[in-house]
Amino acid sequence: MTDSKRDAFLAGERPEDVAFYLAEDAVDDLGKLEDYGQRVGDGIVIVVNGDDGRSAFQAATGLDPMAFAKEAMGNEGTIHADLEGGDCPAGDGPDHAARFVFAFAEERNDEVGGIYAEGDVIHAYAQCDCGDAYSQKWVVGER
C-alpha cells in the first residue's frame, strides 16, 4: 500500500477516484482547498471519489470534466507522471504552464486490448495558460 491518496491513485489502487491538480493562479484561494489535497510546488493535487471529484473539479474550474476531457483528447501532449502539470504541445515557457490537470484510472481490460490489456491505464487531461487543452494516457508503472 502507498503513503498518499495520490500515490495510490497513480499505482492503480484507486480506480473509483479521480485526481486533479490546480495551479495556485487557477483558483481564487488555494488555501481553502488544503484540507482536501496535497500541496505541491505551485498548486495542489486532490484525489477524491469519482462523483465528488468531478463535481469539485467543475466547481473549481467552471468546466464539466467529461466535456473538458473530450476536448483535450484530440490534442496529445505530455502530462507529468505526478500530475503536477504538463508540457503544452503549443510551446514552452511561462505562457505554457498547466493551469489544471484532471485524471482518472481505468482498470486493465484484456477484452478491449491494446494499452488496456497491458495493465491499469491513467487518462490525464490538462489545460494550459495559453488556452490549449491536451491529453496523455499511460499504463500504470510505465512512467
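Here, every reference points to the structure presented above.
In this text the structure is predicted, and so the values were computed from the model without any measurement.

Q: Outline unusual backbone geometry, supporting the account with residue identities and numerical values.
A: Phi is mostly negative for residues that are not glycine, and the peptide bonds are mostly trans. Of note, the phi angle at Leu 83 is positive, near 70°, even though the residue is not glycine. Considering the arrangement of structural elements, one finds Leu 83 in the loop between β4 (78-79) and β5 (86-87). The exposure class assigned to Leu 83 is buried, which follows from its relative accessible area of 0%.

Q: Would you mind going over helix α2 (residues 50-61) in detail, with residue names and values included?
A: With 12 residues, α2 extends 16 Å between its outermost C-alpha atoms, agreeing within 8% with the 16 Å of an ideal straight helix rising 1.5 Å per residue. Among the residues of α2, Gly 50, Gly 53 and Phe 57 are the ones counted as buried. What you see down the axis of α2 is that its buried residues fit within an arc of 60°, all on one side. Among the exposed residues of α2, those pointing more than 90 degrees away from its buried face are Asp 51, Asp 52 and Ala 59. Looking at the buried side of α2, the elements it contacts are β1 (17-23), β3 (43-49), α3 (65-73) and β6 (98-106). In this structure Asn 49 caps α2, since a side-chain oxygen of it lies 2.9 Å from the backbone nitrogen of Asp 51. With its phi angle positive at about 80°, Gly 62 sits one or two positions after the end of α2.

Q: Tell me what's going on with the sheet that holds strand β7 (residues 121-128), and back it up with residues and numbers.
A: Sheet strands pair via backbone hydrogen bonds, and the direction of the pair is either parallel or antiparallel. Spatial ordering of the open sheet is given by β2-β3-β1-β6-β7-β8, a layout of 6 strands whose pairing is antiparallel. Strand pairing shows two members of the sheet lacking a second neighbour, β2 (37-40) and β8 (133-139), which therefore form its edges. Direction aside, neighbouring strands of the sheet carry axes that sit 15° apart on average. In the sheet, β6 pairs with β7 via 8 bridges, with the strands oriented antiparallel.

Q: An account of the pairing of β8 is requested, with residue identities and associated values reported.
A: The side chains of a regular strand alternate, residue by residue, between the two faces of the sheet. Of all the 7 residues making up β8, 6 are buried; the element is thus mostly covered by neighbouring parts of the structure. Across 7 bridges, the pairing between β7 and β8 is antiparallel. Across the sheet, His 123 pairs through a bridge with Lys 137, a residue of β8. Counting the residues in the hairpin turn of β7 and β8 gives 4 residues, including Gly 131, whose phi is positive at 105°.

Q: I'd like a description of the pairing of β2, backed by residues and values.
A: With 4 bridges joining them, β2 and β3 adopt antiparallel strand pairing. Looking at the pairing, Val 40 lines up with Gly 43 of β3. The antiparallel pairing of β2 with β3 creates a hairpin that spans 2 residues between the two strands.

Q: Any chance you could break down the nonpolar core for me, citing the residues and the numbers?
A: Residues Phe 9, Ile 79, Leu 83, Val 101, Ala 124 and Tyr 134 are the most contacted members of the largest nonpolar core, which totals 22 residues. Discounting chain neighbours no more than four positions away, the residues touching Leu 83 are Phe 9, Leu 10, Ala 19, Tyr 21, Val 101, Ala 103, Ala 124 and Trp 138. By size, the runner-up hydrophobic cluster in this structure holds 16 residues, among which are Ile 44, Ile 46, Phe 57 and Ala 133.

What counts, and at which threshold
- Sequence order sets the numbering: in each chain, residues are counted from 1 along the sequence as written.
- Per-residue local features are limited, in this predicted model, to residues with pLDDT of at least 70; the limit for side-chain atom pairs, both in listing and counting, is 80 or more; totals at the level of whole chains, interfaces and linings are taken over all residues.
- Remark: hydrogens and water are excluded; side-chain values derive from all non-hydrogen atoms of the structure.
- Put simply, DSSP H or I for four residues or longer makes a helix, DSSP E for two residues or longer makes a strand, and each gets a number counted from the N terminus.
- Exposed residues in this analysis have more than 50% of their type's maximum accessible area, buried residues have under 20%, and partly exposed residues fall in between, with area computed by a 1.4 Å probe over protein chains only.
- Multiplying 1.5 Å by the residue count of a helix minus one yields the expected span of that helix.
- Throughout, the arc means the angular range of directions from the helix axis out to the C-beta atoms.
- What makes two residues a contact is simply this: any of their non-hydrogen atoms within 4.5 Å.
- Polar contact is the term for a pair of N or O atoms within 3.5 Å; when the atoms are in protein, one must be able to donate a hydrogen and the other to accept it, and sequence-neighboring residues count only if both atoms are side-chain atoms.
- Only strands joined by at least two bridges in the DSSP assignment are considered to pair.
- Only the stretch in contact is used when fitting a helix axis, every axis being a line fitted to C-alpha atoms; angles between N-to-C directions are given from 0 to 180 degrees.
- The term nonpolar core refers to a set of buried residues drawn from Ala, Val, Leu, Ile, Met, Phe, Trp, Tyr and Cys, joined through side-chain atoms within 4.5 Å.

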